[in-house]
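# Topology and contacts: notes
Chain by chain, the residues run as shown.
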Amino acid sequence: MSLPNPEPSIHQVEWRERRTRLVPALAILLVAGVLMGAWVGLFTFLSTNPSAKAYDWVDDTLIPETNAAGIPEFPNLSRLSTLFSADGVQLAELSLRGSLPVPIEEIPEHVKGAILAAEDGDFYAHRGADFESTLRAAVATVRGTSIQGGSTITQQVVRNLGIDGKEKTVQRKIAEIAWAAEMERKYSKDAILEFYLNSVYFGWNAYGIRAAGLEYYGRELAELSVGEAAALATAIRNPSLYDPRDRTPNESGLTGQELVEERRVSVLDEMVEMGQITEGEAEAAASIPLAASIIPHQNFPEPAELVRISAVGSLLNDPKFDAVLGTTPEDRLIAIFGCPADDVECELTSRLKGGLVITTTVDFHFQTRANEILRSWLPVSPTGAAAPTGAITTVENGTGAIKVMAGGLDFGEDIEAGQRDYNLATEGQRQPGSAAKPFALIAYLEQGGSLNSYWNISSPLVIECEVVCGDSGGKTWTVRGGRAGGGLRNLEASTYFSTNPTFAQVGVEVGPEAMADVANRLGVASELPLVFSLALGAGEVSPLDMAAAYSTIANYGTRNEPYLIQRITDEEGTVLYEAAPETEQVLDETLAAVVVNTMKKVVSVPGATGNGANIGRPQAGKTGTNQSFRDAWFVGYVPQYSTAVWVGYADAQIPMTNITINGQTYSRVFGSSVPVPIWKEFMTEFLADVPPEDFPPIPPGSSKFYVVPSTEVPDVLEDPLITEKAAGQLVYFAHLRPVFEEVASLEPMGTIVSQTPDPGAKLSHNGAVFMEVSTGEPPTFPLPDLRNLTRTEANLVMANLAAETEILVALIPEFVVSDEEAWGKIIFTSPPPGTEVGADDFVTIFIGRAPDG
């Protein structure tokens with residue numbers, strides 16, 4: 001009785017299955033080896049060893065371990081991260097490579113046919129490998145020529161995915177065939193071809209057939225002719241060699257374009273052989289010069305390219321995304337842009353591989369309108385000449401969300417066409433002028449100052465400093481922009497009238513460190529120079545810096561860090577990141593509230609610099625003008641939003657003088673003349689659907705910021721040679737008001753001969769100091785009426801006047817006969833009463849007497 005055959009072990013089943021698949025391919029390679037006499041060692045081994053052992057050797061040495069599970073999933077070529085605006089507009093697709101995947105059903109037959117004709121005419125017939133081509137490749141390898149060539153599309157996919165190893169050896173070619181067979185067991189032909197057509201590289205950063213069609217022809221696949229499709233197919237073998245744009249002869253004397261035309265004929269002939277087209281169609285396609293349809297490389301426009309650049313910069317560099325996108329640049333690049341098409345390790349090991357939906361805070365509608373408004377006011381010069389431009393940045397006060405970041409110019413490197421490769425709204429560094437005065441104001445109030453302090457507003461004003469403070473490196477600083485005749489103005493009025501001399505003095509009093517600290521606390525990210533002129537706008541800031549800083553003021557000292565990325569979700573819609581305001585109280589709430597109250601008057605008080613920005617709702621702001629008229633600003637805010645407008649030249653510090661803007665000629669451009677109306681036009685639209693709100697009530701404790709300070713009366717008489725002008729400046733610098741009265745004096749004309757109150761006395765700011773100034777003429781007084789007085793009585797009157805005036809006038813008596821009642825009395829004087837008399841004068845008094853005898 002015979003026993004049944006035992007069931008084969010699982011290892012035997014696997015071996016038989018693998019042998020069934022691999023023996024044909026191995027046979028071809030062995031035949032190639034025999035024909036070339038290169039594998040003698042192998043057959044010697046086989047002839048001297050049992051067949052089982054020989055098979056084991058082949059299995060162990062040449063045939064890789066393969067199974068369908070070892071074939072990775074095709075990388076998701078559609079896994080592009082997308083960038084959206086806050087109002088739902090897609091701004092960009094984020095990818096390091098130009099890839100526009102398309103389903104195979106949407107790829108026209110003649111396009112697929114051209115690729116198959118060029119790369120694998122028997123694709124739909126073989127089971128992963130083309131034995132004839134493989135044989136040719138093996139022969140070439142043994143002869144020492146290239147191992148490349150002879151690979152089917154499936155084998156190319158295997159190789160591109162890195163499944164078969166990296167070394168260019170015979171073993172690798174066998175592995176490639178083995179894995180190709182496994183791939184065709186796992187995937188359909190259409191699936192393999194679809195992945196191939198969407199991932200293969202065509203040159204010029206075009207990955208995939210659709211991207212190639214748009215790159216070289218500017219058209220979708222359905223619009224490509226047979227000849228154009230055949231030309232595209234030639235590039236796959238060697239994109240740098242078969243470059244249809246290349247018109248430079250290579251070593252063979254042919255240009256890339258000529259090589260493409262030459263190989264296009266072969267592809268068209270193969271398409272005829274495959275029955276894809278007729279000979280007539282092939283001839284017609286080959287007769288069309290390639291140059292007739294190839295277009296130059298283009299950077300395709302984006303709706304908000306500068307927003308995309310800023311968003312990507314934030315995603316790649318901001319530490320707040322560490323937990324979501326990774327901590328290294330490599331991690332973040334892969335998380336945002338996805339894996340390269342041929343990087344399987346990335347696909348298998350990276351947690352995030354693109355496919356993110358990134359929502360920004362920017363409102364696309366108003367981003368667009370901001371740019372349109374800027375260009376209507378400040379159009380690009382048609383001749384390419386330098387012309388002023390502008391920027392608008394808007395921040396939401398309650399969150400820090402950046403709603404608008406319009407740079408006015410398109411992104412690019414064609415300067416004459418009005419392009420720049422940076423965003424003026426976020427990266428432009430310009431002097432803020434008087435828009436920086438609130439920083440000095442806040443620093444002064446933090447040090448105990450008052451809005452009702454009074455300051456010298458003479459112009460020009462020469463400030464003496466204890467350290468270097470002047471533009472020339474000296475210890476005197478000359479400031480203009482006040483009142484030529486001199487005077488005092490309180491700090492609040494100096495803010496809304498933008499009085500430079502006041503703020504120059506404030507800057508010297510508080511010091512540059514305090515002003516820079518305030519600016520940085522409020523939200524200015526730029527590093528500011530430590531100079532007194534920070535009070536007048538020295539240093540360079542961006543429009544985003546200024547919008548952020550004013551937003552903090554509007555929030556009564558609560559700073560919300562500006563941000564651009566609102567949300568990140570993955571392909572399934574899972575929220576990976578949601579922005580939350582990063583809040584910090586950086587100013588005393590009451591102090592900030594009184595600053596807001598002051599800045600409201602910039603817009604509301606008649607004659608103030610920001611009157612033109614009035615939009616009929618609670619608002620505040622500050623104008624700014626560079627002292628050379630090179631930059632002009634208005635930064636304004638309502639309770640909900642803060643917006644900065646800057647106007648100037650993009651690339652050079654050019655004064656905006658004698659210039660025509662928006663049809664009007666300006667001798668000088670101030671913040672009030674161009675930025676203010678731009679701000680008003682934009683904010684009127686931006687706030688159209690935003691209900692008006694009032695600023696919150698000023699918290700308790702604000703009265704201390706309105707106290708009129710006291711000061712010490714200076715000693716005007718300390719310098720006996722002090723002039724009236726110098727005395728006035730001394731008093732003004734003491735925050736007091738000089739009052740001069742001319743008096744006759746023997747002192748030289750202009751000499752200050754007295755002051756009231758005395759030096760060292762305490763007065764409130766804006767109090768009066770009275771000073772007498774010599775006219776240089778002798779002092780006089782009107783002669784009193786001495787008639788009917790006795791000589792003794794007259795002398796007494798004159799003695800009293802001498803005590804009062806320090807003027808001694810001599811009385812010379814002369815007696816004249818008179819009536820009895822006038823005896824001993826003065827009848828009249830010479831000069832008569834009322835005449836001005838002085839110390840050198842004599843007055844004759846005529847006294848009555850009796851007749852002689």
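Residues numbered from 1 in each chain as written. Predicted model: local features only at pLDDT ≥ 70, side-chain atom pairs only at ≥ 80, totals over all residues. Heavy atoms only, no water.

### So, the overall build of the protein
The helix and strand inventory of the protein stands at 26 helices and 32 strands. When burial is assessed residue by residue, the protein has 51% of its 853 residues classed as buried. Across the protein, every contact between residues at least 6 apart in sequence was considered, and the portion connecting residues at least 24 apart equals 68%. Taken as a whole, the protein presents about 39100 Å² of accessible surface, with 52% of it coming from carbon and sulfur. (Helix = DSSP H or I, 4+ residues; strand = E, 2+ residues; numbered from the N terminus. Buried < 20%, exposed > 50% of the residue type's maximum accessible area, 1.4 Å probe, protein only. Contact = heavy atoms within 4.5 Å. Areas by Shrake-Rupley, 256 points an atom, 1.4 Å probe, with all protein chains shown as cover.)

### Some points on helix 15 (residues 329–337)
For an α-helix, the turn length of 3.6 residues means that residues three or four places apart are oriented alike. Within helix 15, the full set of buried residues consists of Arg 332, Ala 335, Ile 336 and Phe 337. Here the buried residues of helix 15 occupy an arc of 165° about the axis, which is enough to place them on one side. Buried positions along helix 15 lie against strand 1 (81–84), strand 2 (90–94), helix 13 (305–317) and helix 14 (322–325). Positioned one or two residues after helix 15, Gly 338 has a phi angle of 90°, which is positive. (Arc of directions from axis to C-beta.)

### Concerning the side chain of Glu 184
Mapped onto the elements, Glu 184 comes out in helix 7 (residues 170–186). Not counting the four nearest positions on each side in its chain, Glu 184 is found in contact with Phe 123, His 126, Arg 127, Gly 128, Thr 154, Lys 189 and Ile 192.

### Things to note about the confidence of the model for the protein
Looking at the protein, the pLDDT average stands at 86 and 84% of residues meet or exceed 70. Predicted confidence for residues 1–25 stays below pLDDT 50, and this span has 20 contacts to residues more than four positions away or in other chains. Confidence drops under a pLDDT of 50 for residues 30–59, and excluding neighbours within four residues, the segment shows 26 contacts in the predicted structure. (pLDDT = per-residue confidence, 0-100.)

### Concerning the packing of aromatic side chains
Evaluated as defined, the whole model comprises 13 aromatic pairs. Aromatic side chains Tyr 201 and Tyr 207 sit 4.7 Å apart centroid to centroid with 35° between the ring planes, which places their arrangement in the tilted category. Exposure remark for Tyr 201: the relative accessible area of 33% places this residue in the partly exposed category. Taking relative accessible area as the criterion, Tyr 207 reaches 23% and is therefore assigned partly exposed. Joined through ring pairs, the aromatic side chains of Phe 366, Tyr 641, Phe 682 and Phe 686 make up one cluster. A cation over an aromatic ring shows up here: Lys 189 above the ring of Phe 123, its NZ or CZ 4.6 Å from the ring centre. One residue, Arg 263, lies across the ring of Tyr 242, its end atom 5.8 Å from the ring centre. (Phe/Tyr/Trp six-rings, centres within 6.5 Å; stacked < 30°, edge-to-face > 60°. Lys NZ or Arg CZ within 6 Å of the ring centre and 35° of its normal.)

### Concerning the sheet that holds strand 24 (residues 737–743)
Pairing in this open sheet of 3 strands is mixed, and the strands run 24-27-25 from one edge to the other. If you trace the sheet from one side to the other, it starts and ends with strand 24 and strand 25 (752–756), each paired once. Sheet twist, expressed as the mean angle between neighbouring strand axes with direction ignored, is 25°. Where strand 25 and strand 27 (residues 768–774) come together, 4 bridges link them in antiparallel fashion. Paired with Ser 754 across the strands is Glu 772, a residue of strand 27. Of the strands in this sheet, strand 24, strand 25 and strand 27 are in contact with helix 25 (residues 724–733), which crosses strand 24 at around 150°. (Pairing = 2+ DSSP bridges. Axes fitted to C-alpha atoms, helices over the stretch in contact; angles between N-to-C directions.)

### Some words on a negative patch on the surface
The grouping of Asp 122, Asp 269, Glu 270, Glu 273, Glu 279 and Glu 283 at the surface amounts to a negative patch. Ranked by residue count, the leading element in the negative patch is helix 11 (residues 256–273), at 3 residues. Residue placement: Glu 270 occurs in helix 11. (Patch = residues over 30% accessible without salt bridge, like charges linked within 9 Å, V, L, I, M, F, W, Y side chains within 5 Å. Salt bridge = Lys/Arg side-chain N within 4 Å of Asp/Glu carboxyl O. Lys, Arg positive; Asp, Glu negative; His and termini not counted. Charge placed at Lys NZ, Arg CZ, Asp CG, Glu CD.)

### Structural notes on the side chain of Asn 555
Positionally, Asn 555 belongs in the loop between helix 22 (543–554) and strand 14 (558–560). The contacts of Asn 555, once residues within four sequence positions are left out, are Asn 397, Gly 398 and Asn 560.

### Details of the pairing of strand 5 (residues 357–360)
As paired strands, strand 1 and strand 5 are joined by 3 bridges and run parallel to one another. The residue bridging Leu 83 from the neighbouring strand is Ile 358, located in strand 5. Looking at chain direction, strand 5 and strand 15 (residues 565–569) are connected through 4 bridges and run antiparallel. Within strand 15, the position partnered with Thr 360 by the bridge is Ile 565.

### With respect to the sheet that holds strand 19 (residues 631–637)
Taken in spatial order, the 5 strands line up as 7-6-20-19-18 in an open sheet, and their pairing is antiparallel. Of all the strands in the sheet, just strand 7 (402–406) and strand 18 (620–625) have a single pairing partner and so form its edges. Sheet twist, expressed as the mean angle between neighbouring strand axes with direction ignored, is 10°. Examined bridge by bridge, strand 6 (residues 389–396) and strand 20 (residues 641–648) share 8 bridges and lie antiparallel to one another. Within strand 20, the position partnered with Thr 393 by the bridge is Ala 644. Packing against the sheet, helix 23 (residues 589–604) makes contact with strand 18 and strand 19, and its axis sits at approximately 65° to strand 18. On the sheet, helix 24 (residues 675–686) packs against strand 6, strand 7, strand 18, strand 19 and strand 20 and is oriented at approximately 145° with respect to strand 20.

### Looking at the packing of helix 10 (residues 226–234) against helix 11
Put simply, helix 10 and helix 11 touch, their axes get as near as 8 Å, and they point 110° apart. Taken as axis vectors, helix 10 and helix 11 run roughly perpendicular relative to one another. Once helix 10 is placed against helix 11, the crossing between them reads as right-handed. For the pair helix 10 and helix 11, contact is made by Val 226, Gly 227, Ala 230, Ala 231, Ala 233 and Thr 234 and by Val 260, Arg 263, Arg 264, Val 267, Leu 268 and Met 271, respectively. Across the contact of helix 10 with helix 11, the residue classes tally to 8 nonpolar, 2 polar and 2 charged. (Parallel < 35°, antiparallel > 145°, perpendicular 65-115°, else oblique. Left-handed = near helix turned anticlockwise from the far one by under 90°. Nonpolar A, V, L, I, M, F, W, Y, C, P; charged D, E, K, R; others polar.)

### Quick notes on the pattern of salt bridges
With the rule as written, the count across this model stands at 21 salt bridges. For the salt bridge of Lys 601 with Glu 492, the shortest nitrogen-to-oxygen distance reads 3.1 Å. Taken together, the residues span a long stretch of sequence, with Lys 601 in helix 23 and Glu 492 in helix 19 (residues 491–496) at a distance of 109 residues. Take Lys 601: its relative accessible area is 23%, and that puts it in the partly exposed class. Three or more residues are tied together by salt bridges with common partners; here these are Asp 318, Lys 320 and Glu 582.

### Considerations on the nonpolar core
By size, the foremost hydrophobic cluster in this structure holds 94 residues, and its most contacted members are Leu 325, Phe 439, Leu 445, Trp 477, Leu 522, Met 546 and Tyr 637. Sequence-distant contacts of Leu 522, defined by excluding residues within four places in its chain, comprise Phe 439, Ile 442, Ala 548, Ala 549, Thr 552, Ile 553, Arg 559, Val 586 and Leu 587. If you look at the next biggest cluster of nonpolar residues, it comprises 55 residues, including Val 111, Ala 114, Ala 233 and Ile 236. (Core = buried A, V, L, I, M, F, W, Y, C linked by side-chain atoms within 4.5 Å.)

### Some words on the environment of Thr 590
Take Thr 590: it is sitting in helix 23. Sequence separation of Thr 590 and Gly 557 is 33 residues, and the distance between their C-alpha atoms is 8.7 Å. Ignoring sequence-local partners within four residues, the contact set of Thr 590 consists of Ile 698, Pro 699, Pro 700, Gly 701, Ser 702 and Phe 705. Separated by 3.1 Å, the side chain of Thr 590 and the backbone oxygen of Pro 700 make a polar contact. (Polar contact = N/O pair within 3.5 Å; in protein donor to acceptor, adjacent residues only side chain to side chain.)

### Things to note about the packing of helix 9 (residues 209–217) against helix 10
Interhelical geometry of helix 9 versus helix 10 gives an angle of 110° and a closest axis separation of 11 Å. Relative to helix 10, the element helix 9 lies roughly perpendicular. Together, Ile 209, Ala 212, Gly 213, Tyr 216 and Tyr 217 of helix 9 and Glu 228, Ala 231 and Leu 232 of helix 10 make up the contact between the two elements. Split by residue class, the contact of helix 9 with helix 10 holds 6 nonpolar, 1 polar and 1 charged.

### Some words on helix 10
Along helix 10, 8 of the 9 residues are buried, which leaves the element largely enclosed by surrounding structure. Restricting attention to buried positions, one finds in helix 10 the residues Gly 227, Glu 228, Ala 229, Ala 230, Ala 231, Leu 232, Ala 233 and Thr 234. Contact partners of the buried residues in helix 10: helix 4 (109–119), helix 9, helix 11 and helix 12 (279–286).

### What to know about unusual backbone geometry
The omega torsion across Thr 756 and Pro 757 is 0°, close enough to zero to call that bond cis. Position of Pro 757 among the secondary structure elements: in the loop between strand 25 and strand 26 (762–764). The step from Ser 830 to Pro 831 runs through a cis peptide bond, and the omega angle for that step is 5°. One non-glycine residue, Asn 766, adopts positive backbone phi at about 75°. Looking at the secondary structure, you find Asn 766 in the loop between strand 26 and strand 27.

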